[in-house]
Amino acid sequence: MALDQETLNQLLTTLDRFVQERLIPAERQVADADAIPDDILHDIRELGLFGLSIPESHGGLGLNMVEEIEVAMVIGQAAPAFRSIFGTNVGIGSQAIVLDGTDAQKDTYLPRLASGDLIGSFCLTEPEAGSDAGSLKTSAKRDGDHFILNGTKRFITNAPLAGLFTVMARTDADSKDARGVSAFLVEAGTPGLTVGKPEKKMGQQGAPVADVIFDNCRVPAANIIGGRENMGFKTAMKVLDKGRLHISAVCTGLARRILRDTVRYAKDRRQFGGTLSDFQLIQAMIADSETEIYAAECMVRDAAKARDAGENTKRKASCAKLFASEMVGRVADRAVQIHGGAGYIADYGIEQLYRDVRLFRIYEGTTQIQQLIIAKDVIASLD
Ligand code: COS
């Protein structure tokens, strides 16, 4: 759906108010409790954020990519844990069904994912398969009209909250690479599925991550996404192409917020008889951050437009993810520098965001994986 400009602006204004008045003031509480409070979760549901990218026919808002990234930029201003709680439903936890699911799979799961009654989670990474996702070992052996899953998935975002897992598992035991992998929908509570203890993390407290363990877990063959075996890796890659654009937008939104907070601080804090913002060495850092944020915004918006126009945006999504995630790291680093000692002290908030942004360069494909994807595509496209 393409919203008319006025409706989109209204949505963005409402969300911006929610971010400034509800989310940012609750950041410390969320970090300390390592959980999103129920009243905020309730409001996130009411605003329809769980269903941003799910078609209207299945209860979501059905935003196109251009609209989705604008929303992600606004929500991205708040600590990333808030976005993470509904982020899997918007991205990796629902899009395999949206892109490749059967009608029955869409009807069964999308409405509940859109409302936030069901939290979706994406199980690709394993203890020995991260960047080399195609080498995953979790096995799925056919047993009549079921498959038996065995294996461990690692660092799975929202696993402790999830009601539905998209699980990549090897259905072709003779294969060693991406070709023998299928994507399964596995409901929480299925015997043989357990979720490990939530991990202690460097940042993004409030966004739980845990192992998901399959021990002779019986899953109906009808739960293979799209009903076709050995297509799961391609489905996962398509999901990540979209997810990487969304993450890029979140990075630019958060970078804008960090720069804004930092400039306010620099205009207030006095040294050597002037404010920090009077000094050219500080101004250089502000200018570098503004320039890089603007560059990332342009990239993300261009790639989103191209995707909506039907272009294959694998390369552009990786370029945007690489640049925006590295950029927000540099912006956060300069922000700590401009804050000086205050940048290192928890009460000022910048140190939390500095830790939070570090994950963006790692998840949904590291910077180095984005480099490989981009280079392979560029080299293949030229004589
Ligand atoms: N869209 C559709 N199909 C894709 C695709 C995409 N974006 N990327 C790859 N494929 C297809 C290929 O066309 C190929 O199909 P054929 O077998 O029909 O030729 C198949 O998938 C395998 O592709 P490829 O050979 O490129 O796979 P590799 O094993 O070399 O892996 C990388 C490619 C490294 C890019 C992939 O493993 C990757 O993205 N790793 C990072 C995973 C990740 O992001 N993890 C984060 C955790 S998930 S939050």
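The model shown is predicted, which means the values in this text are computed figures rather than measured ones. (Residues numbered from 1 in each chain as written. Predicted model: local features only at pLDDT ≥ 70, side-chain atom pairs only at ≥ 80, totals over all residues. Heavy atoms only, no water.)

**Some details on the domain arrangement of the protein chain**
- Along its sequence, the protein chain is organised into domain 1 (5-115), domain 2 (120-230) and domain 3 (234-381).
- With 21 residues of domain 1 at the contact, the number on the domain 2 side is 20 residues.
- Summing both sides of the interface, domain 1 and domain 2 together bury roughly 1,600 Å²; the carbon and sulfur share of this comes to 59%.
- If you sort the residues of domain 1 by the area they bury against domain 2, Ile92, Gln105 and Tyr109 come out on top, with a joint share of 30%.
- Our count for the domain 1 to domain 2 interface comes out at zero salt bridges.
- Summed over the shared surface of domain 1 and domain 2, the result is ten residue pairs in polar contact (both at pLDDT 80 or more). (Domains from an automatic or database assignment. Contact = heavy atoms within 4.5 Å. Buried area = accessible area lost by both parts, 1.4 Å probe. Salt bridge = Lys/Arg side-chain N within 4 Å of Asp/Glu carboxyl O. Polar contact = N/O pair within 3.5 Å; in protein donor to acceptor, adjacent residues only side chain to side chain.)

**Section: the layout of surface pockets**
- What the largest pocket holds in volume is close to 1,300 Å³.
- Lining the largest pocket are 44 residues, and of these Leu124, Leu240, Arg244, Glu364 and Gly365 sit closest to its centre.
- The set of elements that each furnish at least two residues to the lining of the largest pocket consists of helix H5 (80-90), strand S3 (146-157), helix H8 (232-268) and helix H12 (367-381).
- In terms of residues, the lining of the largest pocket owes the most to one element, H8, which gives nine residues.
- Class assignment of the residues belonging to the lining of the largest pocket gives a composition of 18 nonpolar, 14 polar and twelve charged. (1 Å grid on protein atoms, 1.4 Å probe; cavity = no way out; pocket = protein on both sides within 12 Å on 5 of 7 lines; lining within 4 Å. Points joined across faces, edges and corners; volume = space filled by probe spheres on them. Helix = DSSP H or I, 4+ residues; strand = E, 2+ residues; numbered from the N terminus. Nonpolar A, V, L, I, M, F, W, Y, C, P; charged D, E, K, R; others polar.)

**Some words on the environment of Arg270**
- Position of Arg270 among the secondary structure elements: in strand S8 (residues 270-271).
- With 259 residues separating them along the chain, Arg270 and Leu11 place their C-alpha atoms 38 Å apart.
- A distance of 3.2 Å separates a polar side-chain atom of Arg270 from the backbone oxygen of Gly273.

**Digging into the nonpolar core**
- Within the largest apolar cluster, 69 residues are counted, with the highest numbers of intra-cluster contacts made by Val71, Phe82, Phe86, Ile258 and Phe360.
- Of all the secondary-structure elements, those providing two or more residues to this core are helix H1 (5-23), helix H3 (38-46), helix H4 (65-75), H5, H8, helix H9 (280-308), helix H10 (314-339) and helix H11 (350-356).
- No other element matches the eleven residues that H8 contributes to this core.
- Residue assignment places this core across two domains, with domain 1 (5-115) and domain 3 (234-381) each supplying three or more.
- Setting aside residues up to four positions removed in sequence, Phe82 forms contacts with Leu23, Ala26, Glu27, Val30, Ile36, Ile40 and Ile44.
- Grouped together as the second largest cluster of nonpolar side chains are 25 residues, Ile92, Val181, Ala183 and Leu240 included. (Core = buried A, V, L, I, M, F, W, Y, C linked by side-chain atoms within 4.5 Å. Buried < 20%, exposed > 50% of the residue type's maximum accessible area, 1.4 Å probe, protein only.)

**What about the packing of aromatic side chains?**
- One pass over the structure, following the stated rule, counts five aromatic pairs.
- Ring geometry for Tyr265 versus Tyr348: centroids 6.4 Å apart, planes at 85°, classification edge-to-face. Remark: Tyr348 occurs in the loop between H10 and H11 and Tyr265 occurs in helix H8; sequence separation between them is 83 residues.
- With centroids separated by 6.1 Å and ring planes inclined at 85°, the aromatic side chains of Phe272 and Phe279 adopt a geometry described as edge-to-face.
- Given a relative accessible area of 81%, Phe272 falls into the exposed group.
- Looking at Phe279, the relative accessible area reads 26%, which means it is partly exposed.
- Positioned above the aromatic ring of Phe323, the side-chain terminus of Arg330 is 5.9 Å from the ring centre. (Phe/Tyr/Trp six-rings, centres within 6.5 Å; stacked < 30°, edge-to-face > 60°. Lys NZ or Arg CZ within 6 Å of the ring centre and 35° of its normal.)

**Observations regarding the site of the ligand**
- The ligand sits among 21 residues. The nearest are Ser131, Lys234, Asp241, Arg244 and Lys376.
- Interatomic distance of 2.7 Å between a side-chain N/O atom of Lys234 and an oxygen atom of the ligand.
- For the ligand, a nitrogen atom lies 2.8 Å from a polar atom in the side chain of Asp241.
- A total of 1,000 Å² of accessible area belongs to the ligand in isolation, and the protein chains cover 68% of it.
- Placement of the ligand is best described as lying within the largest pocket.
- Contributions of two or more residues to the shell around the ligand are made by H8 and H12.
- Counting residues per element, the shell around the ligand draws most heavily on H8, which supplies seven residues.
- Looking at side-chain class alone, the shell around the ligand contains nine nonpolar, four polar and eight charged residues. (Near = heavy atom within 4 Å. Areas by Shrake-Rupley, 256 points an atom, 1.4 Å probe, with all protein chains shown as cover. Sits in = over half its atoms within 2 Å of the grid points.)

**A few points about a nonpolar patch on the surface**
- Among the surface-exposed residues, Tyr344, Ile345 and Tyr348 lie close enough to one another that they form a single nonpolar patch of about 400 Å² accessible area.
- Looking at the element boundaries, Ile345 is found in the loop between H10 and H11. (Patch = residues over 30% accessible without salt bridge, like charges linked within 9 Å, V, L, I, M, F, W, Y side chains within 5 Å.)

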